[in-house]
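Structure at a glance
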Amino acid sequence: MGVPMAGRLIAAGHDVAVWNRTASRFPAELCAVLAASPAAAADGRDLVITMLTDGNAVEDVLFGPDGAAPALTPGAVVADLSTIGPDAARRVRDRLPDGVGYVDAPVLGSVPQAEAGELEVLAGGTGDDLARCTGALEVLGRVRHVGPPGSGAALKLVANGTLVANFAVLGEALALAGRLGLDRDLVLDVLSRTSAQARRLRDAEPGAEPRFTLALAAKDLGLALDVPGAPDAGVLAAAHARTSAALADGLGPHDLIALADHAGKDSPMRVMLGNPVSVPPPPNPFYSHTAHVTAGSMLYVSGQIALTEDGKVDAPGDMARQSEVIFSLLERILAAHGAGFADVVNVRTFVTDLGRVAEYGAVRQRYFPGAAPTSTTVEVARLFHPDALLEVEVVAALP
C-alpha cells in the first residue's frame, strides 16, 4: 500500500522522502529520496505519513531507535494511515513532541484503489491538524473528516469488522446453497447484485496477489472485539472464531476471500472414543462403550464379506483369511472417502460361529492400533453366501 501511495505523491509534485523496513521493496524508478532511517526521512518535513502493519510497528517507527518523532519540529503533522485502533492512536498522539499534530486516517480500499487515487480516507483529528495535511491526503483519495482524534481509527474497526463478518456469512451462505443443490456460480452472480464481497469472490483470479491478508483482517477484528463492552458472543465474535480457525489452518497469508471458502466447509468431524467411568469397563479392550462425534459427514459402509472379483468367497472355512480380505476391502472404501480406520466409530460384525471369533479378533486388532471403536458382534445361523464365515459393516466420520 505504501509504494503506490508514495508514487502518487511524487507524481503530484510533492517532495517525498521514504523509509521502508525492507528497502529493497521500494522501486527505484519512483525517484524518491530513500532515507536510511525513519528519523532521516522525517528530518525537516512538514508531514509524515505512516502506513504499517499494526500499532507496535507504528510506535517503533515513530519512537524507537532512529525514530521519526524526535526529528519533527513544531507545526509538522503525523498522519497515520495504518489500522491500529483508537487506543493505539491515542498512545501515539500522546507521545508526540509538543506542537506536532496528529491525524488518524486509516483508509478503505486496497492496492488497486491506492494506485488509482481512489482510497476512502477516514480522518480523525482537529480541524487545524487535518487542514495541514488534506492537500497531500487528497492525492490518495477522498478525505472524510469523521470526527475528533481517534474517530478515524474507530470507524475503520467498524468497517473492517463488518467486512470480515460478511465474508464469513457469505461462506456459510454458499455452503447452504450447496446443500440445496444450487450452482455456486449462479448463487455468486445473484448475490453480487447486492454484495460487494460476493463480487470480489465471483471475480477473484486464481493465484492473484492478496489485496488484504486474512492475518491482517483477523488482527483488525481482534482490535474491534477488544473495545470495552464489546460482546463476547454474537456475529462478530463468531466471525472472529472463524478467522482464528482459518489462521490455525495456515490461511493467514492468503487473501481475506479465503475465509469464505473456509467458513463454507462443513465443520470437520471430531471423534472421541471412550469408556465412561460411570459404567463397568468392556469385557475386553478391543472396543469402546461410546463414540462421541461432532457435526460433520458420516460414512456408512454396508456389510462386507470376503468375495473375490469373480463373486466367490475367498478361502471357504478360513476365518483369518476371510477377515484379512474384508479389512482390505474396508481399507480401500475408507481411503476412497479420505478416511482411515482411525476414523471408524462403530463396527458391527456377524459371525456364523462365535467359537472362532478370536481368529477374527487377531486380524481386526492390527487395523485398530489406536483407540478401539464401539463394537457389536452377533452370531447368526448363516449369511447370505453359504461359504461366508463373517460379515463386517462400519460407520466412519469423514475428516
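Residues numbered from 1 in each chain as written. Predicted model: local features only at pLDDT ≥ 70, side-chain atom pairs only at ≥ 80, totals over all residues. Heavy atoms only, no water.

Named according to an unreviewed UniProt entry, the protein is Endoribonuclease L-PSP originating from Actinomadura verrucosospora.

1. Comments concerning the overall build of the protein
In terms of helices and strands, the protein carries 14 helices and 14 strands. Its C-alpha atoms give the protein a radius of gyration of 31 Å, clearly above 21 Å, the size a compact globule of 399 residues would have. Referenced to the eigenvectors of the C-alpha coordinate spread, the extents of the protein come out at roughly 95 × 45 × 40 Å. Each of the 399 residues in the protein was classed as buried or not, and the buried ones make up 43%. Across the protein, the 31 positively charged side chains and the 46 negatively charged ones have centroids separated by 3 Å. (Helix = DSSP H or I, 4+ residues; strand = E, 2+ residues; numbered from the N terminus. Rg over C-alpha atoms; globule rule 2.2 N^0.38 Å. Buried < 20%, exposed > 50% of the residue type's maximum accessible area, 1.4 Å probe, protein only. Lys, Arg positive; Asp, Glu negative; His and termini not counted. Charge placed at Lys NZ, Arg CZ, Asp CG, Glu CD.)

2. Looking at the sheet that holds strand β12 (residues 344–351)
Here 4 strands make up an open sheet; going across it, the order is β11-β14-β12-β13 and the pairing mixed. For this open sheet the edge positions go to β11 (298–304) and β13 (374–379), each flanked by a neighbour on one side alone. In this sheet, adjacent strand axes meet at a mean angle of 10° when their direction is disregarded. Here β11 pairs with strand β14 (residues 390–397) via 5 bridges, running antiparallel. Looking at the pairing, Val301 lines up with Val394 of β14. (Pairing = 2+ DSSP bridges. Axes fitted to C-alpha atoms, helices over the stretch in contact; angles between N-to-C directions.)

3. Quick look at the packing of aromatic side chains
For the coordinates displayed, the defined rule picks out 6 aromatic pairs. Each ring, one from Phe327 and one from Tyr360, has its centre 6.0 Å from the other, and the planes form 20°; the classification is stacked. With Phe327 in helix α13 (residues 319–336) and Tyr360 in helix α14 (residues 357–367), this pair connects stretches of sequence that are 33 residues apart. Exposure remark for Phe327: the relative accessible area of 0% places this residue in the buried category. Centre to centre, the rings of Phe327 and Phe368 are 6.3 Å apart; their planes meet at 80°, and the pair counts as edge-to-face. Of the two residues, Phe327 sits in helix α13 while Phe368 sits in the loop between α14 and β13, which places them 41 residues apart along the sequence. Here the two residues Phe327 and Phe368 agree in accessibility, since each one is buried. Site record: aromatic cluster; members linked through ring pairs are Phe327, Phe341, Tyr360, Tyr367 and Phe368. (Phe/Tyr/Trp six-rings, centres within 6.5 Å; stacked < 30°, edge-to-face > 60°.)

4. Observations regarding α13
If you check α13, its first and last C-alpha atoms are 26 Å apart, about what 18 residues at 1.5 Å a residue would give, namely 26 Å. The set of residues buried in α13 consists of Met319, Gln322, Ser323, Val325, Ile326, Phe327, Leu329, Leu330 and Leu334. If you check the start of α13, you find a side-chain oxygen 3.3 Å away from the backbone N of Ala320, and it comes from Asp318. (Expected span 1.5 Å × (residues − 1). Polar contact = N/O pair within 3.5 Å; in protein donor to acceptor, adjacent residues only side chain to side chain.)

5. Side note on the pairing of strand β8 (residues 141–147)
In this sheet, β8 lies alongside strand β7 (residues 119–124) in parallel orientation, the contact comprising 6 bridges. Paired with Leu122 across the bridge in β8 is Arg144. For the segment spanning β7, helix α6 (residues 127–137) and β8, crossover handedness is right-handed. (Right-handed = clockwise from strand over helix to strand, strands pointing away.)

6. Looking at helix α3 (residues 55–63)
Extensive coverage of α3 is indicated by the burial of 7 of its 9 residues. Buried residues of α3: Gly55, Ala57, Val58, Glu59, Val61, Leu62 and Phe63, and no others. Each element contacted by the buried residues of α3 is listed here: α2 (38–42), β3 (47–50), β4 (77–80) and α4 (85–95). With a side-chain oxygen lying 3.3 Å from the backbone nitrogen of Asn56, the N-terminal cap of α3 falls on Asp54. (Contact = heavy atoms within 4.5 Å.)

7. Thoughts on unusual backbone geometry
Although it is not a glycine, Asp66 sits at a positive phi angle of roughly 55°. Under the relative-accessibility criterion, Asp66 is labelled exposed at 55%. In this model, Ala315 sits at a positive phi of 55°, which is unusual for a non-glycine residue. Inspection of the secondary structure assignment puts Ala315 in the loop between β11 and α13.

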